[in-house]
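# Commentary on secondary and tertiary structure
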Amino acid sequence: MKAPKLLSIIVPCYNEEPALQLFYDAIQKVAPDLPTELEFIFVDDGSRDGTLQKIQQLHAQDPRVRFVSFSRNFGKEAALLAGLDHARGDVVVTMDADLQDPPALLPEMYQLIQTGDYDQVGTRRVTRKGEPPIRSFFARRFYRLINHMSKVELVDGARDYRMMTRPVVDALISMREYNRFSKGLFEFVGFRTKWLEYENIERAAGETKWSFWRLFAYAIEGICAFSTVPLVLAALLGVIFCLIAFIMVIVIIIRTLAFGDPVSGWPSLICVILLLGGLQLLALGIIGQYLAKTYLETKHRPVYIVRLTEDNAASIKPTTKSAVSAKSTPAKKTSPKA
Ligand code: UDP
Ligand code: MG
């Protein structure tokens, strides 16, 4: 492969003020080992702290720092898409701001891409050291479940720390779905992927943005986005109960004809009614989930709305928090490539 000219580093940031300088410095340290030009794309995902100001400060010091700032918090998935949309590099890497994705791996990833044998280099952590055990437990169950249910194979412990070539980026940004689940999308697009492994690293500064319930919702998102098995299960359950009911009707008719019809079995009847009622609601709920996702997709709303980028920032006074929040530019609709 021809030596790529530009490597774009995409960093989604939500309230990452304390981590940003550490991140930037850590990249500077490995930069000499990367035989290419660099650009940073910081995506401020509607942060409430001084993240945007910090990014603007970095931009003022270093013109290679570019940024996109959202009109509100749209979530990490939207931030990743915005980063991919704005990246100009022929090789692109996505990484978290908190240094949980070790920059020391960048030269190796880059070298692997340069060999031309791989289109993507993914990373996975082989331990979940430092993570609450309950979170690790449910994460493992989730990976097993989704891999059973979906054709797309998700790797346990896979991070969103990935280096990819331009064709992979173009494939990713061609998918404008509203309910995004990047871990699945990275696999869905295919290409030749090399996996690198490393031990879990704890956050350098700040705190995690993912509560248990946010992760739970994310898991449901992943299952709905990459599998329709729950719908099949709901239908299958319906078929099984129809069969049982059919057999019971025959049994009851024969029993009544043979032994008369003593009124009994009240409690069991109530149990059956409750069970069936519950199952029907469950099946409706599952269908509802898919319907809701379909509903959201059909609205074709943008995945994110940009308030500020380095290009239009010049017309807006930066530095103080209030100045930035008071003067908002008209929201620019996205999807430059859609
Ligand atoms: N993030 C984001 N928007 C959000 C939540 C998180 O852009 O709504 C970013 C966050 O700033 C960080 C990355 O996504 O760079 C991963 O988040 P975090 O470190 O909190 O997740 P964890 O590592 O705990 O899974
Ligand atoms: Mg983190």
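A few points on the structure. (Residues numbered from 1 in each chain as written. Chains lettered and ligands numbered in written order. Predicted model: local features only at pLDDT ≥ 70, side-chain atom pairs only at ≥ 80, totals over all residues. Heavy atoms only, no water.)

So, about the coordination of the magnesium ion (ligand 2). Coordination of the magnesium ion (ligand 2) by the protein comes from Asp98 (OD) and Gln100 (OE1), over a distance range of 1.9 Å. An identical accessibility class is assigned to Asp98 and Gln100; each is buried. (Donors = N, O, S within 2.8 Å, 3.2 Å for Na, K, Ca; no water. Buried < 20%, exposed > 50% of the residue type's maximum accessible area, 1.4 Å probe, protein only.)

What follows deals with the nonpolar core. Residues Leu7, Ile9, Phe23, Phe42, Leu106, Met109 and Met163 are the most contacted members of the largest nonpolar core, which totals 37 residues. Per element, the largest residue contribution to this core is 6 residues, and it comes from helix H1 (residues 17–30). Excluding its chain neighbours within four sequence positions, the residues that come into contact with Leu106 are Ile27, Val30, Leu34, Val93, Met95, Tyr161 and Met163. Membership of the second largest hydrophobic core comes to 36 residues, among which are Val68, Phe142, Ile146 and Leu185. (Core = buried A, V, L, I, M, F, W, Y, C linked by side-chain atoms within 4.5 Å. Helix = DSSP H or I, 4+ residues; strand = E, 2+ residues; numbered from the N terminus. Contact = heavy atoms within 4.5 Å.)

Turning our eyes to something else, we now look at the packing of helix H3 (residues 76–86) against helix H6 (residues 166–174). Contact pair H3 / H6: the axes reach a minimum separation of 10 Å and the direction vectors enclose 130°. Considered as vectors, H3 and H6 are oriented oblique to each other. Crossing handedness for the pair H3 and H6: left-handed. Only Val169, Leu172 and Ile173 of H6 make contact with H3, whose side of the interface consists of Leu81, Leu84 and Asp85. A per-class count over the contact of H3 with H6 returns 5 nonpolar, no polar and 1 charged. (Axes fitted to C-alpha atoms, helices over the stretch in contact; angles between N-to-C directions. Parallel < 35°, antiparallel > 145°, perpendicular 65-115°, else oblique. Left-handed = near helix turned anticlockwise from the far one by under 90°. Nonpolar A, V, L, I, M, F, W, Y, C, P; charged D, E, K, R; others polar.)

A word on the packing of helix H5 (residues 133–149) against helix H8 (residues 212–226). Running from N to C, H5 and H8 cross one another at 5°; their axes reach a closest spacing of 10 Å. For the element pair H5 / H8, the angle class is roughly parallel. Here Arg135, Phe138, Phe142, Leu145, Ile146 and Met149 of H5 lie close against H8, whose contacting residues are Phe212, Leu215, Ala219, Gly222 and Ile223. Along the lines of polarity and charge, the residues of the contact of H5 with H8 split into 9 nonpolar, 1 polar and 1 charged.

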